[in-house]
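Working through the structure, step by step
Next come the chains, spelled out residue by residue.
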Amino acid sequence: MALLEVRDLEVEFAMRGARLKALRGVSFDLDAGDRLGIVGESGAGKSMAAYAILNLISEPGRISAGSIAFDGRVLNTLPAEEMRKVRGDRIAMIFQDPMMTLNPVLTVGAQMVECLKTHRTISDGEARALSVQKLREVAIPSPDARFDSYPHELSGGLRQRVVIAIALLLDPAVIIADEPTTALDVTIQAEIMGLMLDLCETRGVSLILITHDIAVVSETTQRMLVMYAGRVVEQGETRGIIARPSHPYTRGLLQALPQRNKPGAELNQIPGSMPTLAELPPGCAFHPRCAYADDTCSGGVPALRTLGKRLVACHHAERLK
Amino acid sequence: METLAFLIRRVGQAVMVMLIISLIGFSIQDNLGDPLRELVGQSVSEAEREALRDRMGLNDPFFVQYARFLGNAVQGDLGTSYFFKKPALEVILRKFPATFELVLAATLIIVLVSVPAGIFCAIKPKHIGARLIMGLSIVGISIPVFLTAIFSIYLFSIELGWMPSFGRGDVVELGWWNTGFLTGDGLEHLVLPAFALSSIMLPLFIRLIRGEMMEVMRTEYVRFAQAKGLHPRRVLFVHALRNTLLPVITVGGVQIGTLIAYTILTETVFQWPGMGFLFLEAVNRVDTPLIIAYIIIVGLIFVITNTIVDLIYTYVNPMVRISGVKG
């Protein structure tokens with residue numbers, strides 16, 4: 001049994017009488033020590049999946065179907081107080097923008113110690129020592145002084161290191177990183193990503209890496225999920241998908257990357273943009289933007305089916321070979 | 001060091017504000033009619049009047065008079081009330097405790113009611129109680145304070161007979177201060193005026209706290225605090241509330257000043273023997289020195305409360321602490 005098993009997860013929002021599905025049947029497994037990438041454009045439902053795992057979907061949204069099993073327990077039916085004990089302790093989360101994630105009126109130290117004291121019985125002195133040690137592990141210079149700093153006194157890179165230190169504080173089994181480097185300077189993105197991956201690797205922490213950057217996923221994860229409009233469109237081993245994508249959308253994402261051997265060449269965009277939840281096209285949600293689309297695509301939603309060693313949701317997956 | 005620099009800058013600003021207030025206050029003097037009409041009777045001849053004007057310095061150029069006024073004011077002399085024949089400052093300070101206690105009681109009511117009510121309306125926006133509070137706050141914000149005052153007298157004093165309708169009741173003298181807080185009768189007299197005075201600000205603060213709180217609850221740092229597995233209580237009171245109160249403190253500081261302005265209405269309706277009531281009487285009697293002294297003292301209260309609010313804000317918001325040094 002996998003460490004984290006997500007089955008047919010659906011999240012729905014009640015908006016002005018209508019029920020909009022932000023997630024429409026997402027399933028995946030995460031093994032201990034594994035790294036899983038979730039890729040897609042903004043609005044694909046990537047972050048929604050992350051919040052759903054932690055049961056942090058706020059009103060008017062809710063998990064309407066499916067299950068999330070972690071370490072043998074079903075999380076989505078857990079009482080609120082039991083779920084709270086899982087958050088931060090067993091499953092931690094790293095958010096996108098370190099400028100927004102840390103509370104501006106509390107010191108770095110206060111935001112670390114509160115986490116320790118909530119989940120463990122620990123003295124103030126021990127909590128401080130442990131926090132400073134974690135700050136040292138994420139390579140923050142003079143961690144003792146930084147413990148008493150306010151977030152606004154730190155650079156973006158340092159703040160994200162603090163956030164990573166907080167995520168690692170209680171040695172969680174899983175870390176969900178939602179676009180952990182997107183808001184950072186390009187020059188330090190690789191550094192922070194490398195640090196995060198190293199720390200997860202050495203501690204055997206499983207990682208769910210949520211990003212719009214398919215290149216990052218291809219370099220860092222074993223398995224990946226490509227999402228579009230709340231559905232998984234392609235799922236399987238990262239290496240295989242990157243080498244030969246079976247879904248036109250995955251292929252579009254890969255072709256949109258700048259090519260190293262063709263500098264200056266024009267990028268291949270995917271025409272159009274992701275539909276909003278209220279205006280999903282009939283059939284395959286991607287078909288208005290797809291070069292392979294025909295009448296079958298607007299006629300019926302393609303099921304997620306097995307194709308070789310992977311899963312793909314496209315009527316024409318075979319044609320992409 | 002940084003606190004000292006901050007203080008020096010604040011005091012400098014305060015002096016500037018007080019100078020401007022005193023200039024405006026003093027220039028009113030020429031626009032309220034001839035002070036001599038109040039001082040002497042009809043029978044005094046024009047020559048005698050002119051001599052008196054000369055002796056009082058009323059014929060000097062405006063800025064000479066203003067400079068003399070400032071010189072006296074710095075020494076604590078704001079002129080002599082025409083009506084009471086006593087130093088204006090002394091007359092007003094005698095009434096200050098009554099107004100101060102009324103404003104303090106109203107502020108306490110505002111803080112103690114608006115913070116819990118605002119938080120409740122923010123986290124349970126669909127609850128029937130929250131809808132009721134929001135509905136009532138619209139009503140409260142639309143009714144002028146003197147109407148609330150008159151209506152509460154009608155209901156609680158006349159119809160129900162539960163509350164005294166006017167005055168301050170028994171007060172206890174403590175040196176130059178007199179307080180109504182220490183007697184049951186004094187406290188009973190305080191209830192209606194304090195509620196009437198707070199009625200104008202209370203809805204505003206409930207709505208402000210609710211709005212800020214809802215905004216803060218949507219921020220990433222609140223989400224992150226939840227994702228850390230903190231107790232909901234801690235997320236609410238440590239992470240959300242402190243950030244909610246930052247703008248509330250700023251607005252609150254200004255509104256305390258406005259509250260003093262509203263004491264004029266409240267005190268008049270309730271015959272509350274405070275500065276506001278005194279001011280309205282002074283206007284009716286064209287008691288110019290008293291009017292000017294009132295304006296200057298209220299201006300000073302504004303400046304002092306704003307400085308205190310700034311200091312509190314600096315304490316609560318670490319980002320200002322740093323910019324205070326740089327700026």
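The text that follows walks through the structure, step by step, so that each part is easy to find. (Residues numbered from 1 in each chain as written. Chains lettered and ligands numbered in written order. Predicted model: local features only at pLDDT ≥ 70, side-chain atom pairs only at ≥ 80, totals over all residues. Heavy atoms only, no water.)

A cluster of nonpolar side chains, namely V11, V15, M16, L19, I20 and I24 of chain B, defines an oily patch on the protein surface of about 540 Å² accessible area. On the secondary structure map, M16 of chain B appears in helix α1 (residues 2-27). (Patch = residues over 30% accessible without salt bridge, like charges linked within 9 Å, V, L, I, M, F, W, Y side chains within 5 Å. Areas by Shrake-Rupley, 256 points an atom, 1.4 Å probe, with all protein chains shown as cover. Salt bridge = Lys/Arg side-chain N within 4 Å of Asp/Glu carboxyl O. Helix = DSSP H or I, 4+ residues; strand = E, 2+ residues; numbered from the N terminus.)

So, on to the side chain of S199 of chain B. All names here are of chain B. Along the polypeptide, S199 turns up in the loop between α8 (184-198) and α9 (202-217). Given the relative accessible area of 16%, S199 is considered buried. S199 has contacts with G140, V145 and T148, leaving out every residue within four places of it along the chain. (Buried < 20%, exposed > 50% of the residue type's maximum accessible area, 1.4 Å probe, protein only. Contact = heavy atoms within 4.5 Å.)

Let us now look at the packing of α8 of chain B against helix α11 (residues 232-270) of chain B. Residue and element names in this part refer to chain B. The N-to-C vectors of α8 and α11 enclose an angle of 140 degrees; their axes lie 10 Å apart at closest approach. By the angle between their directions, the pair α8 and α11 is classed as oblique. For the pair α8 and α11, the crossing hand works out as right-handed. Touching L192, P193, A196 and L197 of α8 are L259, Y262, T263, T266 and F270, all from α11. Among the residues making up the contact of α8 with α11, the classes are represented as seven nonpolar, two polar and no charged. (Axes fitted to C-alpha atoms, helices over the stretch in contact; angles between N-to-C directions. Parallel < 35°, antiparallel > 145°, perpendicular 65-115°, else oblique. Left-handed = near helix turned anticlockwise from the far one by under 90°. Nonpolar A, V, L, I, M, F, W, Y, C, P; charged D, E, K, R; others polar.)

Let's shift gears to the layout of surface pockets. In this approach, a probe sized like a water molecule rolls over the atoms, and the result shows the empty space that is left. Taken as a whole, the largest pocket holds about 1400 Å³ of empty space. Every residue lining the largest pocket is counted, 34 residues in all, and those nearest its centre are S58 and E59 of chain A together with I123, M217 and Q226 of chain B. Mapped onto the lining of the largest pocket, the elements with two or more residues apiece are α1 (46-53), β4 (61-70) and α2 (80-86) of chain A together with α5 (88-123), α9, α10 (220-227) and α11 of chain B. Considering only residue class, the lining of the largest pocket consists of 19 nonpolar, four polar and 11 charged. (1 Å grid on protein atoms, 1.4 Å probe; cavity = no way out; pocket = protein on both sides within 12 Å on 5 of 7 lines; lining within 4 Å. Points joined across faces, edges and corners; volume = space filled by probe spheres on them.)

Turning our eyes to something else, we now look at the interface of chain B and chain A. In this complex, chain B contributes 22 residues to the contact, which on the side of chain A involves 30 residues. For the pair chain B and chain A, the summed buried surface comes to about 2400 Å²; carbon and sulfur atoms form 60% of the total. Linking chain B with chain A are two salt bridges. K228 of chain B is the partner of E114 of chain A in a salt bridge, and the nearest nitrogen-oxygen pair spans 2.8 Å. The interface formed by chain B and chain A contains 12 residue pairs in polar contact (both at pLDDT 80 or more). Those elements giving two or more residues to the side of chain B that touches chain A turn out to be α10, α11 and α14 (318-326) of chain B. For the side of chain B that touches chain A, the element with the most residues is α11 of chain B, which contributes seven residues. The class makeup of the residues in the side of chain B that touches chain A is 11 nonpolar, five polar and six charged. (Buried area = accessible area lost by both parts, 1.4 Å probe. Polar contact = N/O pair within 3.5 Å; in protein donor to acceptor, adjacent residues only side chain to side chain.)

That's the geometry; what it means functionally is another story.
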